[in-house]
Amino acid sequence: MGIHYDSKNKTFHLKAKDTSYVMGILRDGYLAHLYWGKGIGAYHHSNFLQYLDRGFSGNPYQHKEDRTFSLDTLPQEYPQYGSTDFRKPAYQIQLENGSTVSDLRYVAHTIFKGKTPLLGLPATYVESDDEAETLEITLEDSLIGLKVILSYTVFEQYNAMTRSVRFVNEGNQSIKLLQALSVNVDFRDAEFDFLHLHGAHVKERHIERQPLRHGIQSVESTRGSSSHQHNPFIALLRKGTTEDTGEVYGFNFVYSGNFLAQAEVDQFRNTRVTMGINPFDFTWKLETGESFQTPEAVMVYSSAGLGDMSRTFHELYRTRLVRGTYRDQVRPILVNNWEATYFDFNEEKILEIAEVGREVGIELFVLDDGWFGKRDDDRSSLGDWFVDKEKLPNGLNHLASDVNAKGMKFGLWFEPEMISVDSDLYREHPDWCLHVPDRTRSESRNQLILDFSRDDVCKEITKRVSNILASAPITYVKWDMNRNMTEIGSAVLPADRQRETAHRYMLGLYKVMEEITTSFPHILFESCSGGGGRFDPGMLYYMPQTWTSDNTDAVSRLKIQYGTSLVYPIVSMGAHVSAVPNHQVDRSTSMKMRGDVAMSGNLGYELDLTKLTNEEKEIVKEQVSAYKEIRSLIQFGEFYRLMSPFEGNQTAWMFTNKDKSEVIVYYFRVLAEPAAPMTFLRLKGIDVTKQYEHIGTNNIYGGDELAYAGLSIPIELKGDFQSKVWHFRQK
């Protein structure tokens with residue numbers, strides 16, 4: 001494992017768990033990509049690069065006599081534009097004379113144990129230097145004094161590596177970064193499918209897979225956040241790859257703002273994959289002596305299908321991206337009052353819901369939007385983080401203490417990044433929002449966005465939120481963000497730095513989150529952006545779970561949670577049981593199905609518990625009790641997808657613990673079918689040599705039987721919206 005440099009052949013061989021990544025230094029310092037895939041013991045250039053005179057592929061000046069050598073056909077590590085490579089580059093600069101040509105060459109490298117944090121940015125980490133090894137390669141354009149440091153970290157226990165880039169201006173003139181992506185991989189073929197996660201508000205992270213074609217296939221966000229529409233994740237899959245077989249190359253961006261992820265197939269059927277900050281509406285000015293750090297990209301290789309890729313992402317993120325007190329702790333079962341009351345509540349109503357929550361065993365009450373300022377609807381008060389004494393005359397501390405007296409913890413909703421035009425904060429500081437001179441300030445949900453690129457704004461919001469958190473026994477915070485960016489400009493940045501605003505906003509947000517989450521380590525923070533509009537690794541670094549979607553319909557959630565599981569750990573997904581007809585899609589499903597879907601994540605309830613029938617209360621009580629018994633397995637076990645909701649009427653998934661001694665299987669059928677076939681589930685990830693007892697019937701089955709013969713779906717499941725759960729323990 002680790003990183004080896006062959007000085008004779010000038011090759012770098014990076015080894016993760018069962019993965020190899022190889023690159024080499026070619027003539028005159030060009031850095032070429034040679035291999036990424038299944039681990040190999042040693043690299044001896046069996047797949048050596050071959051050169052051919054290709055028409056219209058120019059030759060760098062140093063090789064003008066050799067028409068076979070062109071950057072246009074060379075698989076590169078961090079390609080530039082303007083010196084014979086006509087594909088999309090990984091970066092681009094502009095000099096004071098207006099030119100955009102650069103020429104990076106290898107000058108040095110260092111290899112060291114461990115992994116260095118990225119200043120001001122979220123990133124994976126190690127707890128011991130022996131867990132990983134890092135390579136830093138320095139490239140230089142000697143004409144202009146630009147140095148670019150490529151950073152690669154490989155993990156000992158995971159088939160994963162991370163990439164990031166640092167630009168340093170050591171020249172005597174300013175340089176403008178027009179594009180600064182974090183990763184580039186040049187594959188020497190195009191026999192792939194392209195997979196990504198698309199969606200919309202209340203319809204997040206749906207899976208789409210199509211054959212890779214000539215030209216550029218890309219997903220991106222220009223919304224100021226990672227977005228509901230596209231997640232900062234793509235994967236290339238070899239033809240025929242399934243959940244359990246075939247090669248997968250997964251890319252995920254540890255960033256919460258505008259991103260670009262693309263694959264370009266050129267005329268010779270080579271594939272270039274790039275990922276990073278979206279260059280659209282982005283520039284960054286580097287004065288002499290200044291540097292710029294790109295966010296981190298995580299790359300996962302799997303030789304055993306999508307499921308294996310997912311489990312690598314899950315374990316890496318759960319243990320070496322998520323931080324803090326709750327990283328390894330089971331998450332509490334909560335009730336949130338939003339869909340129960342919306343803005344219409346008082347202290348008495350909240351305590352009534354909390355009392356029923358106590359009766360059914362719920363552990364945490366979360367007070368959602370409407371507790372501050374004069375917030376009776378969504379038209380006012382964002383930014384005025386002071387308790388509304390008309391709704392809560394005794395204050396938050398009194399309410400939280402009363403909830404605590406019932407044996408429940410107390411949580412609170414915030415939307416710290418936003419400001420209402422109808423707010424004291426806006427009347428005091430109308431220039432504190434994102435805006436551009438002389439332009440109308442577009443509103444969404446009747447709100448504007450605070451300019452977190454400004455230090456004074458960050459400090460004031462940090463103070464206001466911290467004062468509330470220190471004022472009462474609060475142990476949970478839902479951090480929401482309910483609109484995307486328009487009129488992206490800052491009142492404090494000069495004209496030539498205005499296009500830095502969106503990224504500076506993210507740096508400011510990360511700074512605020514770092515300070516608040518560090519100051520209140522006992523609080524469990526859950527990120528939210530209209531549900532899943534900012535479900536990305538950047539957020540998970542500061543907040544260990546995310547509200548998966550504002551859509552709480554059980555049927556819709558099958559696709560949302562299944563798609564999310566492609567990359568993100570189950571323990572990071574907030575999943576709630578809500579009332580029917582569902583408030584988003586007006587569908588009525590059984591309490592059992594709603595519970596089983598929600599128990600496949602971090603279980604919560606978002607309804608008025610006081611309106612439940614006695615029968616429904618008993619069902620909820622049973623669900624809560626059952627989840628407490630299995631939540632450590634759900635939240636920290638290994639996850640296997642069995643049947644896809646994107647491929648039919650049925651969905652199934654399962655969980656196992658590390659030693660395969662306990663197994664939970666969930667099956668869902670959306671609609672009843674006439675003359676339906678008899679179906680069964682073959683289990684995955686279990687120990688075929690073990691005997692398993694089915695909890696409830698006490699029947700004993702061999703692991704081999706469950707894996708190969710499978711489980712019959714009971715014909716007793718009649719009607720629409722059915723679910724079934726099996727729980728096994730090793731005998």
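Residues numbered from 1 in each chain as written. Predicted model: local features only at pLDDT ≥ 70, side-chain atom pairs only at ≥ 80, totals over all residues. Heavy atoms only, no water.

**Focus: the overall build of the protein chain**
Helix and strand counts for the protein chain stand at 12 helices and 38 strands. Expected size for 731 residues packed as a compact globule is a radius of gyration near 27 Å; at 27 Å, the protein chain falls within 12% of this value. With respect to the principal axes defined by its C-alpha atoms, the protein chain has extents near 85 × 70 × 45 Å. When the 731 residues of the protein chain are sorted by exposure, 61% land in the buried category. Once local pairs closer than 6 in sequence are excluded, the contacts in the protein chain between residues at least 24 apart make up 69%. (Helix = DSSP H or I, 4+ residues; strand = E, 2+ residues; numbered from the N terminus. Rg over C-alpha atoms; globule rule 2.2 N^0.38 Å. Buried < 20%, exposed > 50% of the residue type's maximum accessible area, 1.4 Å probe, protein only. Contact = heavy atoms within 4.5 Å.)

**A few points about empty space enclosed by the protein**
With the rule as written, the count across this model stands at seven cavities of 30 Å³ or more. Looking at the largest cavity, its volume works out to about 90 Å³. Around the largest cavity sit Y30, L31, L74, Q76, Y78, P79, Q80, L104 and L139, which together line it. For the lining of the largest cavity, a count of residues per class yields seven nonpolar, two polar and no charged. (1 Å grid on protein atoms, 1.4 Å probe; cavity = no way out; pocket = protein on both sides within 12 Å on 5 of 7 lines; lining within 4 Å. Points joined across faces, edges and corners; volume = space filled by probe spheres on them. Nonpolar A, V, L, I, M, F, W, Y, C, P; charged D, E, K, R; others polar.)

**Regarding the pairing of strand β8 (residues 146-155)**
For β8, the buried fraction is high: nine of the 10 residues fall into the buried class. Alignment of β8 against strand β9 (residues 160-169), held across nine bridges, turns out to be antiparallel. The residue bridging S151 from the neighbouring strand is S164, located in β9. Between β8 and β9, which pair antiparallel one after the other, the connecting turn spans four residues. (Pairing = 2+ DSSP bridges.)

**Details of the pattern of salt bridges**
Scanning the model with the defined rule gives 57 salt bridges in all. Notably, a salt bridge pairs E127 with R320, separated by 3.4 Å at the nearest N-O pair. One end of the pair, E127, is in the loop between β6 (105-113) and β7 (132-141); the other, R320, is in helix α1 (residues 305-320), and 193 residues separate them in sequence. Between R587 and D553 there is a salt bridge whose closest N-O contact spans 2.7 Å. (Salt bridge = Lys/Arg side-chain N within 4 Å of Asp/Glu carboxyl O.)

**What to know about the environment of E606**
Structurally, E606 can be placed in strand β30 (residues 602-606). Measuring from C-alpha to C-alpha, the distance between E606 and T552 comes to 8.6 Å, with 54 residues separating the pair along the chain. Here E606 is in contact with N336, W338, E339, W547, H576, V577, S578 and A579, once residues within four sequence places are set aside. Polar contacts involving the side chain of E606 include one to the side chain of H576, which spans 2.8 Å. (Polar contact = N/O pair within 3.5 Å; in protein donor to acceptor, adjacent residues only side chain to side chain.)

**A closer look at helix α3 (residues 347-360)**
Helix length check: α3 (14 residues) gives 20 Å between terminal C-alpha atoms against 20 Å at 1.5 Å per residue, within 8%. Burial in α3 covers these residues: E347, K349, I350, L351, I353, A354, V356, G357 and V360. Tucked inside the fold, the buried residues of α3 contact β21 (334-336), α2 (338-341), β22 (364-367), α4 (395-405) and α11 (614-636). N-cap assignment for α3: the residue whose side-chain oxygen lies 3.2 Å from the backbone N of E348 is N346. At the C-terminal side of α3, G361 shows a positive phi close to 95°. (Expected span 1.5 Å × (residues − 1).)

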